[in-house]
Amino acid sequence: MGGPQYDLLMNPLGAVRQTFEKAVASSQPSDVDPTAVYRGKDWGIVDLLNQYLFDQGGLAQVPILDASSQKWMQPNTLVRFRGMVQDMLGNEFYIGAFKDGGTWRTNKFMDFSPFSAPPVSQTTLWERHLFLCIPVPGQNSWAIESTPYPLKRSISNEMTCHHGEKRRRDDDPNRICVISIFFYFFFNMQKDFGSASRHRIAEINDGSSFPTSSFSCLVKVYDMPESQLKLNEVVEFIGIYTFEPELIASNNKEDVDDDMMMFDFMDDVTTHLPPSKVPRIHCLVSRKLSTSDLILNSPAIEPLPNIMRGIRDSLVSYLSCTLGNDVLAAQCLLLHLLSKLRTKSDVASVGRLSLNLTGFTQETASIFGSQLHNVIKTLVPYSHTIPLTIEYLNTATLQPKKDNQTGRLVMGVLQLAIGTHLTFDETFMQSGTLNSKGVDNVLLLKHLMEHQTVEYDFQFYKLEMAAEVQCLIISEAKSNILPADLVVPVCPSAVTPVTASEEQLHAWRWYLATVRSLPHLTDTSICEMLQNEMVDAMRKDRSLGCADLSRWLTMAQLMASSFGEKILSVEHWQMVKEIERLRKESCLLMPFVFDVAVVFDPELREEISSTVKNCFHRSARLLVVSILENLDSVSDTAELDGNVCCSVLKI
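Read on for an overview of the structure. (Residues numbered from 1 in each chain as written. Predicted model: local features only at pLDDT ≥ 70, side-chain atom pairs only at ≥ 80, totals over all residues. Heavy atoms only, no water.)

## Concerning a nonpolar patch on the surface
Taken together, the side chains of Ile-301, Leu-304 and Ile-307 define a hydrophobic patch exposed on the protein surface, amounting to about 210 Å² of accessible area. The exposure class of Ile-301 is partly exposed, given its relative accessible area of 42%. (Patch = residues over 30% accessible without salt bridge, like charges linked within 9 Å, V, L, I, M, F, W, Y side chains within 5 Å. Areas by Shrake-Rupley, 256 points an atom, 1.4 Å probe, with all protein chains shown as cover. Salt bridge = Lys/Arg side-chain N within 4 Å of Asp/Glu carboxyl O. Buried < 20%, exposed > 50% of the residue type's maximum accessible area, 1.4 Å probe, protein only.)

## Details of helix α9 (residues 327–338)
Across its twelve residues, α9 extends 17 Å between first and last C-alpha, which sits within 8% of the 16 Å expected from 1.5 Å per residue. Most of α9 is tucked away: eleven of the twelve residues are buried. When we look at burial in α9, the residues that qualify are Leu-328, Ala-329, Ala-330, Gln-331, Cys-332, Leu-333, Leu-334, Leu-335, His-336, Leu-337 and Leu-338. Looking at where α9 begins, the residue whose side-chain oxygen comes 3.2 Å from the main-chain nitrogen of Leu-328 is Asp-326. (Helix = DSSP H or I, 4+ residues; strand = E, 2+ residues; numbered from the N terminus. Expected span 1.5 Å × (residues − 1). Polar contact = N/O pair within 3.5 Å; in protein donor to acceptor, adjacent residues only side chain to side chain.)

## Looking at the sheet that holds strand β15 (residues 421–425)
The strand order across the open sheet formed by five strands is β12-β15-β18-β11-β19, and the pairing between neighbours is parallel. One side of each edge strand has no neighbouring strand; the edge strands of this open sheet are β12 (383–387) and β19 (486–489). With direction set aside, neighbouring strand axes in the sheet form an average angle of 20°. Relative to β19, strand β11 (residues 355–358) runs parallel, the two being bridged by four bridges. Paired with Asn-356 across the bridge in β19 is Val-487. Strands β11, β12, β15 and β18 (470–474) of the sheet are contacted by helix α10 (residues 362–379), whose axis makes an angle of about 165° with β18. (Pairing = 2+ DSSP bridges. Axes fitted to C-alpha atoms, helices over the stretch in contact; angles between N-to-C directions. Contact = heavy atoms within 4.5 Å.)

## Focus on the pairing of strand β1 (residues 77–100)
Of all 24 residues making up β1, 18 are buried, and the element is well covered by its neighbours. Pairing of β1 with strand β7 (residues 234–242), which is carried by eight bridges, proceeds in the antiparallel orientation. Along β7, the bridge assignment pairs Gly-83 with Val-235. Strand direction decides the pairing type here: β1 and strand β2 (residues 103–106), joined by four bridges, are antiparallel. Counted as the bridge partner of Phe-98 is Arg-105 from β2. If you look at the hairpin formed by β1 and β2, you'll find two residues sitting between the two strands, and Gly-101 has a positive phi there, around 70°.

## Some remarks on the environment of Val-535
Position of Val-535 relative to the elements: it lies in helix α14 (residues 524–540). Judged by its relative accessible area of 35%, Val-535 falls in the partly exposed class. Between the alpha carbons of Val-535 and Leu-549 there is a distance of 9.7 Å; along the sequence they are 14 residues apart.

## What to know about the nonpolar core
Core analysis: the largest hydrophobic core is formed by 56 residues, its most contacted members being Leu-315, Leu-319, Leu-357, Leu-379 and Tyr-511. For this core, the element with the most residues is α9, which contributes nine residues. In this structure, Leu-379 is in contact with Trp-142, Leu-315, Leu-319, Leu-337, Leu-505, Trp-508, Arg-509 and Leu-512, ignoring residues within four places of it in sequence. Formed by 47 residues, the second largest nonpolar core is a distinct cluster that contains Met-73, Phe-131, Phe-243 and Phe-458. (Core = buried A, V, L, I, M, F, W, Y, C linked by side-chain atoms within 4.5 Å.)

## Some thoughts on the side chain of Thr-242
Locating Thr-242 in the fold gives a position in strand β7. Assessed through its relative accessible area of 3%, Thr-242 is described here as buried. Engagement of the side chain of Thr-242 in a polar contact is seen with the side chain of Asp-111, the distance being 3.0 Å. Contact partners of Thr-242, with chain neighbours within four places excluded, come to Pro-75, Asn-76, Asp-111, Pro-279, Arg-280 and His-282.

## Describing the pattern of salt bridges
Applying the stated criterion across every chain, the model contains 24 salt bridges. The shortest N-O distance in the salt bridge between Glu-578 and Arg-581 comes to 2.5 Å. Of this pair, Glu-578 and Arg-581 both sit in helix α16 (residues 570–587), separated by three residues, roughly a single helical turn. By relative accessible area, which is 35% here, Glu-578 ends up partly exposed. Given the relative accessible area of 38%, Arg-581 is considered partly exposed. Salt-bridge contacts for Arg-581 lead to Glu-585; the nearest nitrogen and oxygen are separated by 2.8 Å. With Arg-581 and Glu-585 both in helix α16, this residue pair falls four residues apart, about one helical turn. Each of Arg-80, Arg-82, Glu-145, Glu-236 and Arg-287 takes part in salt bridges that share partners, so that together they form one network.

## What about the packing of helix α8 (residues 305–322) against α10?
At a minimum axis distance of 9 Å, the contact between α8 and α10 shows a crossing angle of 150°. By the angle class used here, α8 and α10 are roughly antiparallel. The residues of α10 that touch α8, namely those facing Leu-315, Tyr-318, Leu-319, Cys-321 and Thr-322, are Phe-368, Gln-371, Leu-372, Val-375, Thr-378 and Leu-379. Split by residue class, the contact of α8 with α10 holds eight nonpolar, three polar and no charged. (Parallel < 35°, antiparallel > 145°, perpendicular 65-115°, else oblique. Nonpolar A, V, L, I, M, F, W, Y, C, P; charged D, E, K, R; others polar.)

## Here's the deal with the packing of aromatic side chains
Counted by the stated rule, this structure contains eight aromatic pairs. Geometrically, the ring pair formed by Tyr-94 and Tyr-222 is edge-to-face, given 5.8 Å between the ring centres and 90° between the ring planes. Taken as a pair, Tyr-94 in strand β1 and Tyr-222 in the loop between β6 (217–221) and β7 lie far apart in primary sequence, 128 residues in all. For the pair formed by Tyr-94 and Tyr-222, the shared burial category is buried. Put simply, the rings of Phe-20, Trp-43 and Trp-126 pair up and form one aromatic cluster. (Phe/Tyr/Trp six-rings, centres within 6.5 Å; stacked < 30°, edge-to-face > 60°.)

So this is what it looks like as structure tokens:
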């Protein structure tokens, strides 16, 4: 499978040992320590595996490890695991190479060595990185790749043949724990380090410290710079699967060294390794996954503008049907789905476009809101909905926290993968009182909306972590809790069945992923034109600020990208201006939160009343007119129907 002499799929450790011994035997000059040469380096096994996986088509033959496939996975075989880096557990030292008689051997990519413990002078310590990985939170079913059934049957039959041989190896009394050797030899020399690491490893392998709501995997990565993998990144690991459930039943103290410290450590490793599935993967190859990587059988075509325009038009029509034939809201929703944080500075987050769709009551949300949730799930790989209610805000754990007792990062709702779509549903919000936790949660959400970061709690200090997520709010009126970049009223005119074929969904997913990856280029003449238009707009409307201008520019760039164009044109800018004009007109017809300055001049009061009658939503209009006509009996703040609040200022 990797050439006639290697079985990389069913016996990758055999290939690891053979290639290492060949590399050591060919090392020159002979007086150079070969283990020092290959510390932190590949001696050919990774190149061999890459050739098998990507040049010879072997990747399709590697089974995918998940909660459902684990029951038929056999240890020490090659597997794939796709997940999010949930916690970074530091580094682990192990005996990477040792001398067996006159032959150098390696323990790399394994937890247990089939050889007897060598003298300390004939061992070499190496280092590996530990990551706790979980299935991506909010990953939608279409983006989850699983092992095809015929491949399961084929691999299961092969594993049955290997099972007897594996059992014979496991019964070897000389089989030793690779990590234990290190602590046995170096415990007296590094007592404090050994004791701390002992508890550390026990906690890693203790299933009770893992998230109980999902399948988790401990990934051990070799020969990698520490900064290569980051928290919350989605990664595919290809490596050697190890799991030893039979160790939990083994407690033969006669086979353990008389040294009590050594025995205690071995007892932790064997007894506290849970039988409830804590697999480990010794990573040989890893790659970070983008949205495009999650779309199976993506078309290998160039995103030409004529192709992208056709897909765009069909997607806008689909989104419009979802929102009751509201084309304006559909256009804005498309720009929101295409948004992506490009660059970030102290004053602005370029590329971000959070969206607040208003006009949803509990009744309309049950129709159009539900349709919107389902549509988003079919278009983006990761999505999550948060119900914004008083009870939820007061009780939910949104913030990830470090548990210093276990050394583990405890997940919060806001620990999300890069590119996750987050929907906040305010339609069930009722009056109530926020407790201290509720206030903290609101501040966390506002900070996420404004800065695209989440504050992690490390008990003695707090650290802001980047969180590139798309934020959508659905509410009856403009949200007073979460500040969105763009507020768009939804005006449905009909309930239209929302249907799409699998081919259409596949094309739209490819379109969204491709457009988000397009670069934004600039043209000097266009930049000058935009600058002049923005200056003129600020002269006409003094209320415009930097945030408004930044939003306009972001929308224009997204509009150009939506047509497959990399450079913004005048046409795209005019389209955004028209959307902005229609949006402002629509906002005047919907309920919202506003301030009314009440004057005592009767003529001016009549003029205000006339304007209010013609512009505002009926529930707001009646009460505002009532306020204007009954100034003596009005309080400072009057509550209106729905989510409208009128603050009265007498001047």
